[in-house]
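Architecture and fold: a report
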Amino acid sequence: MRNAYIQEQLESHGRRSVAVLPIHYPKELLTAHDLLAVEIWGPPGSPRGIPTERVQTYVCNIVRNALAFLSSGGADAAQALLCPHTCDSLQGLATLAPDFGGWDKPVFRFQPPKGGDRPSARRFLRAELEQLSDALSTISGEPLDPERLRWALKLHGEIDRIRGHLQRERAHLPWNDTRLYHLLRRGEYLWPEEHLNELCSAYAALTPERAQEGIPIFITGYLPEPMSLFQILESAGAYVVADDYAAIGRRINHAPRATSRDPFDALVDIFFAAPPCPTRGTPQALRIAYLLQQIRASGAAGVLIHTQKFCEPELFDVPAIRAALAAEEIPTLHIEGEVEAELAAQSVTRLEAFVEMIAP
Ligand code: SF4
């Protein structure tokens, strides 16, 4: 489906595409260059092949599946690959993809600074952004127009504003979680203006007098895969009241889009205003304080920690998060996945038991 969309964008709008690996990257820059960003989160159920056997066994399936996907020609419709330095495994993939994956198109790296906001990190990030913009020009065929970047900043600010609103008000949507996440995840590959139109339709469907029924669950973790997770929660009598998924809630950035100033400085501001994330080197205490605030504000009856097996950045924080939630007497369940097509039976049973346990 994404390949057909990439093709349609090229034929109807002359718009080229860049396949993007997780997680954080300056999407505004790609939009300003009139390049379609198509994200690769696994994908689930990719074929395993010889290239993935060359990856260490302790590497997560996000990387293994992405390598298999690239090597099987899954992303051939895109003109380049962008690999943010999210973790060591993804940085390794940026090297492996051309060598083992049969990927013979340009591979761009984006190395955001880790840790907090400081002058040296700001200078470094700005240089990275300018370097990436020059690299993207080789695909778009045009130098960056600063006015176009200002426009893209505004557009993505509006997308984040509505995604944030839907995240807060989702209990008033006449949709279940499966439908909402399906919509939110379309932002992984749709042209942003098209995604904004769909978000606006969801916004218009909000019905203040309606309230979601069931047990509210807050999720923190990496990726809402397999999506059948939401059906399982719904069948058990629960719903997702808010999330801190790296792919979804954690990428909603409420930073004001000051388009009157230098647009690269604005991009730097936006980066440092993003929600805490272990892959950005957020100190654990800050992340936990943020999560507790989000969980309390959501009114969740329990928290699901949904991580990927072998995901070092996420797993490093899990013991501290569990301890902090236990200290606050917030019921917590941790399940691990491997971007499998269906949730393991054992995880299904544990989810159902958890919902039953926290039911009033
Ligand atoms: S799941 Fe974790 S280890 Fe794997 S690519 Fe993502 S951040 Fe890296």
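Our structure's up above, just so we're on the same page.
First, a word on what this report is: a plain description of the structure on this page. (Residues numbered from 1 in each chain as written. Predicted model: local features only at pLDDT ≥ 70, side-chain atom pairs only at ≥ 80, totals over all residues.)

**Points about the sheet that holds strand β4 (residues 107–110)**
In space, the four strands of this open sheet follow the order β2-β1-β3-β4, with parallel pairing throughout. Each end of this open sheet is capped by a strand with a single partner; those strands are β2 (35–39) and β4. The sheet shows a mean angle of 30° between the axes of neighbouring strands, taken without regard to direction. Of the strand pairs in this sheet, strand β1 (residues 16–20) and β2 are connected by five bridges, and their pairing is parallel. Counted as the bridge partner of R16 is L35 from β2. Where helix α1 (residues 2–13) meets the sheet, its contacts fall on β1 and β2, and the angle it forms with β2 comes to roughly 175°. Lying over the sheet, helix α6 (residues 119–140) contacts β1, β2, β3 (80–84) and β4, oriented at roughly 160° with respect to β4. (Pairing = 2+ DSSP bridges. Helix = DSSP H or I, 4+ residues; strand = E, 2+ residues; numbered from the N terminus. Axes fitted to C-alpha atoms, helices over the stretch in contact; angles between N-to-C directions. Contact = placed C-beta atoms within 7 Å.)

**Considerations on the site of the ligand**
Around the ligand, the structure places 15 residues, and the nearest of them are C60, I62, C87, Q308 and C311. Of all the secondary structure elements, the ones that give two or more residues to the shell around the ligand are α4 (61–71), α5 (88–100) and α13 (312–327). Residue contributions to the shell around the ligand peak at three residues, all from α13. Among the residues making up the shell around the ligand, the classes are represented as nine nonpolar, four polar and two charged. Counting contributing residues, the shell around the ligand receives three or more from each of domain 1 (2–142) and domain 2 (148–358). (Near = placed C-beta within 6 Å. Nonpolar A, V, L, I, M, F, W, Y, C, P; charged D, E, K, R; others polar. Domains from an automatic or database assignment.)

**A look at the packing of α6 against helix α11 (residues 263–272)**
Interhelical geometry of α6 versus α11 gives an angle of 120° and a closest axis separation of 10 Å. Comparing the axis directions of α6 and α11 gives the class oblique. Crossing of α6 against α11: the hand is right-handed. Taken together, the residues of α11 that come into contact with α6 (itself represented by R122, L125, R126, L129 and E130) are F264, L267, V268 and F271. Of the residues that constitute the contact of α6 with α11, the class distribution is six nonpolar, no polar and three charged. (Parallel < 35°, antiparallel > 145°, perpendicular 65-115°, else oblique. Left-handed = near helix turned anticlockwise from the far one by under 90°.)

**Topic: the packing of helix α8 (residues 177–186) against helix α10 (residues 228–236)**
Running from N to C, α8 and α10 cross one another at 155°; their axes reach a closest spacing of 8 Å. When the axis of α8 is compared with that of α10, the two are roughly antiparallel. In this structure, α8 crosses over α10, and the sense of that crossing is right-handed. Packed against α8, whose contacting residues are D177, T178 and Y181, the element α10 presents F230, Q231, L233 and E234 at the interface. Its residues assigned to classes, the contact of α8 with α10 comprises three nonpolar, two polar and two charged.

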